[in-house]
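Breakdown of the fold
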Amino acid sequence: MTEHGSIIYLEGVTVDYDGFKALNNLNFIVNHRELRVVIGPNGAGKTTLLDVISGKTKPAAGRVIFGKDRDLMGMREYEITQLGIGRKFQAPSIYGNLSVWENLDLSLSRPSKGIFATLRGISTAAEREEIDRTLETIGLQEQVRKRAGSLSHGQKQWLEIGMVILQDPELLLVDEPVAGMTDEETEQTGRLLQSLAEKHAIIVIEHDMEFVRQIARIVTVLHEGTVICEGTVEKVQADDRVREIYLGRQKVAHG
Amino acid sequence: MFWLVGFVLLFVLPILNVLPAEDSWLHVSDFALNRFGKFLAFAILALGLDLIWGYAGILSLGQGVFFGIGAYCMGMHLMLTIGSQSVYGSALPDFMVWNQVTELPFFWKPFYSFSAAVLAGLLVPACFALIFGFLAFRSRIKGVYFAIITQALALMAWLVFNRNETNLGGTNGLTDFKTLLGFRLSDPGTQLALYVVTVLCLGGAYAMCRWIIASRAGRVLIAIRDSEQRVLFSGYSPATYKLFVFVVSAMLAGLAGILYVPQVGIITPAQMGVLPSLEMVVWVAVGGRATLVGAIVGAVGVNLGRSVLTNSFPELWPFFLGGLFVVVVLLFPDGVMGMARQVRGKFAERAARLPKSQAVEGEQT
C-alpha cells in the first residue's frame, strides 16, 4: 500500500478538543474504488475522522493527502468538496423546501458554483440526463416534483446519497446511512452502496453489525482515536482486542 | 397581476390625482398620493429584507441603518441646494451656522452633485454591508447572533448620527429642503413625479428580486435556510451567497432612503435606529415571508394602518404594532400571503372534488 495508490492517506493525525484527543496519532489509508467500513464504540472518533477528511475539523497535527499529492490541510469545506470528496451526513441533510429535482440540481457538479455563475446558469440537456440517471439509481423517479421535506426518512437518506453522487466525487464519506431505516430500506441501501463502490471509493461509518456483514470487504476498527485492527469481517471479529472493546459488548445480544 | 398592479399604481392613481375635481369622490389628493409614495419607498426596502430574511433565513435588524445612510446622502444634497435661501442666508446649512461651523466639512463636498448623491446613497450602504457582512459571515456568525449584532449596529448608527460633532444635523437631522434638480419640492407636480419615479423603482426592484429568486442562485439561498451544512458540502460557499444577498438588501434599503427624503422632507436619526429597523421586520412578517409580494403588501399595509391609527389614537400605535407582530407570529406565520394561499387552497379543494383533475403534487415556496 504505497502513498501513491491511495485515494485518501492520513498520517499521524491528532485532533485535540481541549485535552480530549478525539483522534490520536491516527494512520489511515483507503485505496481507489474501495468500500471501507469504519466501526468502533461511541466516542471512538469515527465521525471526527470524516470531519477531518471533509475539512470540517482542523487537526492539531498530522497530514491528510487526497489522491496523489493533494494536501487537504487548511482547505475550506467547499473547496474540498469541489476537489471530489462528497459527504453524506448522519441525519438527513437535504433542502426541505425545494423539490427533489431542485435538490439534485443544486448538488450537481459544475465548473463554477460562484454567485455569478448560478445567477445566470440554466441546466443543459446532459445535466438533466445525469439527474435522471441518478433518480433511477436512488429510486425516486416518482417523487421528482415533491417537496423534499415531505419524503419519508429512508427516501430522504437516499436523496442525500443521490445529491452526493451527483457531485461526482472520487471519495464518498457516508455516516451511519441506515440509522432509523426499516429492514427493507437497510437492504436496499446496502445494495445501493455496493453498486456505487464500483465507481467510487467509499468510507462508511456504521453501528449496525448486520449491515456491516452485508456490505463490508475490509473493516477498520477505531478505539480512542486510533486504529486497533483492520481486515476482513471475519478477521476483525476474531481479534481479541476488538472482542474486548467493541464486539464483546455487542455480541452478547447475538449470543 | 404584476402588470395590473403596475398599471394602477403608475397610471390610474396619478390620473385620479390630476383629472377629477378636488371635491369629487374619485379624486386622490396630493397628500394621499405623497403618503402612498412614501409607503412604496418602504416597500422597496421590504423587498430587500424579504430576500435576506425570507429566502436566506438571515434576520437583519439593521436595515434601518442602510435606509438612513441612503436618506442622509440624498438629504445632504438637498441641504446644499438650499444655498443662500436658508434662514441665515449662509451658503452653509442652517444647523452648521448654529453649531458655529465655518467651513463645509470635506465629506459634504461631493454632495453638491445630484448624481454623486444618488450613487453614494446606493454605494455607501453597499460597501458598509460588504465589510460588515464579510466579517460576520466569514466568522460564521448566524441566527440570533447575527440579529443581535445588526441590532447593535442600528444603535451605534443612531448614536453617531445624533451627535452634533458628526456634522449631520444631530437630533434634528436634515430638513427644510427647497428644490430638487431645480424643481420646487412643494409643487404638487414635483411630488407627482417623485411618486412615479418611486413606482418605477419599486417595479424594477421587484423584477430584479424575482430574477434572483428564479435563478439557481435563488435556490441556493433557500437551500442555505434549509441546510447550510449541505450547501457547504455541495461545493458552494454560503458566506459568498449571504454576502451577496446582504449587499443587495442594503442597496435596496439605500434606494428606499433616497426616494423617501424628498417625498417626506425630513430625515432624522430617529428613522434609522433600533425601533424603525424592527418595524421593517414586522412589515415583512405581516405580509408573509419568502413571497416578495408579501413584503410589498406588508410594508404598504402596516404603514397605511399606522397613518390611520396614529390619526385617531396616536398613543396606541406601538401597542397595536407589537400586538400585530405577536398575533402574526403565533397564528399566521406565513402572513397575509399565507392566509391568501390557504383560502385559495380551500377553493381549489372544493373545485377539485367536482371534476377528476390531475393531482397537483407538493407546493412550491
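The rules behind each value
Residues numbered from 1 in each chain as written. Chains lettered and ligands numbered in written order. Predicted model: local features only at pLDDT ≥ 70, side-chain atom pairs only at ≥ 80, totals over all residues. Heavy atoms only, no water. Salt bridge = Lys/Arg side-chain N within 4 Å of Asp/Glu carboxyl O. Buried < 20%, exposed > 50% of the residue type's maximum accessible area, 1.4 Å probe, protein only. Axes fitted to C-alpha atoms, helices over the stretch in contact; angles between N-to-C directions. Helix = DSSP H or I, 4+ residues; strand = E, 2+ residues; numbered from the N terminus. Parallel < 35°, antiparallel > 145°, perpendicular 65-115°, else oblique. Contact = heavy atoms within 4.5 Å. Nonpolar A, V, L, I, M, F, W, Y, C, P; charged D, E, K, R; others polar. Patch = residues over 30% accessible without salt bridge, like charges linked within 9 Å, V, L, I, M, F, W, Y side chains within 5 Å. Areas by Shrake-Rupley, 256 points an atom, 1.4 Å probe, with all protein chains shown as cover. Pairing = 2+ DSSP bridges.

Looking at the pattern of salt bridges
Scanning the entire structure with this criterion turns up 19 salt bridges over all chains. Its salt-bridge partner being A:Arg110, residue A:Asp105 comes within 2.9 Å of it at the nearest N-O pair. Like A:Arg110, A:Asp105 is buried. A single salt-bridge network, built from bridges that share partners, covers A:Asp105, A:Arg110, A:Glu127, B:Arg216 and B:Arg219.

Some points on the packing of helix α6 (residues 143–162) of chain B against helix α11 (residues 274–287) of chain B
Residues and elements named next belong to chain B. Across the interface, α6 lies against α11 with an axial gap of 8 Å and an inter-helix angle of 135 degrees. Taken together, the axes of α6 and α11 lie oblique to each other. In this structure, α6 contributes Gln-151, Ala-154 and Leu-155 to the contact, and α11 contributes Val-274, Ser-277 and Leu-278. Residue classes in the contact of α6 with α11 are distributed as 4 nonpolar, 2 polar and no charged.

With respect to unusual backbone geometry
All names here are of chain A. Unlike most non-glycine residues, Asp-18 shows phi in positive territory, near 50 degrees. A positive phi angle, near 50 degrees, is found at Glu-224, a position not held by glycine. Mapped onto the secondary structure, Glu-224 falls in the loop between β9 (218–223) and β10 (226–231).

As for a nonpolar patch on the surface
A surface patch of nonpolar side chains, amounting to about 920 Å² of accessible area, comprises B:Met1, B:Leu4, B:Val5, B:Phe7, B:Val8, B:Phe11, B:Ile15, B:Val18 and B:Leu19. Mapped onto the fold, B:Phe11 is located in helix α1 (residues 2–18).

So, the environment of B:Thr268
Residues and elements named next belong to chain B. For Thr-268, the location among the structural elements is in the loop between β4 (266–267) and α11. Considering only alpha carbons, one finds Thr-268 and Asn-167, 101 residues apart in sequence, at a separation of 13 Å. If near-sequence neighbours (up to four positions away) are discounted, Thr-268 is found in contact with Tyr-72, Thr-171, Asn-172 and Gly-173.

As for the sheet that holds strand β3 (residues 35–39) of chain A
Residues and elements named next belong to chain A. Read from one edge to the other, the open sheet built from 6 strands follows the order β6-β7-β8-β3-β9-β10, with strand pairing classed as mixed. In this open sheet, the two edge strands, each paired with only one partner strand, are β6 (85–88) and β10. Geometrically, the sheet is characterised by an average inter-axis angle of 20 degrees between neighbouring strands, direction not taken into account. Relative to β10, β9 is paired through 5 bridges, and the arrangement is antiparallel. From the neighbouring strand, Val-221 faces β10, where its bridge partner is Cys-229. Along the sheet, helix α6 (residues 153–166) makes contact with β6 and β7 (171–175), crossing β6 at roughly 175 degrees.

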